[in-house]
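Each chain, written out:
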Amino acid sequence: MNQLDVRQLLAQINKTTPSFFLLNWRQKMAIVFETFRLNTRLIFSNRFIWFLLGLLAWCIFQYVINYQREIYQRMSADYIFFVVMQLPLSAFAVFLNMSLISSEKDNRTLEITFTTAGSRYKVWLVRFGSLCVLFFLLSLTLSYIGYYFFVDLPVWAMAFHAYVPTFFISGMVFYFAVKLRSGLAAGMVSGILLFFMFIFNEPLRSTRYALYFNPFTVPHNVDSSVWYDWTWQNRIGLIVLGGLFIFAALRGMGNREKLLR
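Values in this document were obtained by computation on a predicted structure and should not be read as measured data.

Here we take up the packing of helix 7 (residues 155-180) against helix 8 (residues 183-199). Where helix 7 contacts helix 8, the two axes come as close as 8 Å, and the packing angle between them is 140°. Considering the angle they form, helix 7 stands oblique to helix 8. Between helix 7 and helix 8 lies a crossing whose hand is right-handed. Two secondary-structure elements touch here, helix 7 through Phe168, Ile169, Met172, Val173, Phe176, Ala177 and Leu180 and helix 8 through Ala185, Ala186, Val189, Ser190, Leu193, Leu194 and Met197. Grouping the amino acids of the contact of helix 7 with helix 8 by side-chain chemistry returns 13 nonpolar, 1 polar and no charged.

In structure tokens, the structure reads:
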């Protein structure tokens, strides 16, 4: 069976399969869940349980360290935000997005995305969207862990504010993976950039320009209303920049021959 036969078969399946929008809500939810599950398996290459065990081990390690200290020296919400949440989420964002393209090339399945019926952008948007949903669920899980095992904190707000930098990092790594045509190169470039962002985060933490902007720690020299405005300026800015990275990456995937080399 050649590629023309495959395309004709897919076109015939699309004609006989009812539209997604004509299904009832249960069927839609079942399809969405199955799509999310399959994309998660593809992203993690069937190693999802090992990632979860590694994340659990990190939380247990921080928990043991925390309760070996005196009460007045135990972790604050600021420490939970940076170390327990942002650090593993950033590491996951770099590792998973750098392998998003390279794993397809290594498995010789990248060509399939260019021959799939419909737009290839839909395939990658679903893949990247599944990854973003997964990151938010992990952020929410870490936030609940921080609430129940470390210190009292606003769970949903903490999860959202920890997720936004992760979304930006995901878009940035995804763009470099497409631009450089190498997951390893994308990981190295992104790692260097994040290293400098982490170094300059301390001098910039009292401004709106820090990547790991913590909205829950208001500096003494900044009015709370101004800090609130800075919080949303920072979050909206990171979301827009992350979206631009994703858009540029999808546009870069239009050069099929260059990407497949």
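So that's the structure; there's more coming.
So, on to the packing of helix 7 against helix 10 (residues 224-252). For the pair helix 7 and helix 10, the least separation of the axes is 8 Å and the interaxial angle reads 25°. In terms of orientation, helix 7 and helix 10 fall into the roughly parallel class. Read as a crossing pair, helix 7 and helix 10 show a hand that is left-handed. Classifying every residue of the contact of helix 7 with helix 10 gives 18 nonpolar, 6 polar and 1 charged.

The next thing to look at is the packing of aromatic side chains. Evaluated as defined, the whole model comprises 19 aromatic pairs. Relative to Phe61, the ring of Trp58 has its centre 6.1 Å away and its plane inclined at 35°; by these criteria the two rings are tilted. Pair noted here: Trp58 and Phe61 are both in helix 3 (residues 48-66), with a separation of 3 residues, about one helical turn. Given a relative accessible area of 27%, Trp58 falls into the partly exposed group. Of the aromatic side chains, those joined through ring pairs into one cluster are Tyr63, Tyr67, Phe149 and Phe150.

Calculation rules
- Residues numbered from 1 in each chain as written.
- Predicted model: local features only at pLDDT ≥ 70, side-chain atom pairs only at ≥ 80, totals over all residues.
- Heavy atoms only, no water.
- Axes fitted to C-alpha atoms, helices over the stretch in contact; angles between N-to-C directions.
- Helix = DSSP H or I, 4+ residues; strand = E, 2+ residues; numbered from the N terminus.
- Parallel < 35°, antiparallel > 145°, perpendicular 65-115°, else oblique.
- Left-handed = near helix turned anticlockwise from the far one by under 90°.
- Contact = heavy atoms within 4.5 Å.
- Nonpolar A, V, L, I, M, F, W, Y, C, P; charged D, E, K, R; others polar.
- Phe/Tyr/Trp six-rings, centres within 6.5 Å; stacked < 30°, edge-to-face > 60°.
- Buried < 20%, exposed > 50% of the residue type's maximum accessible area, 1.4 Å probe, protein only.

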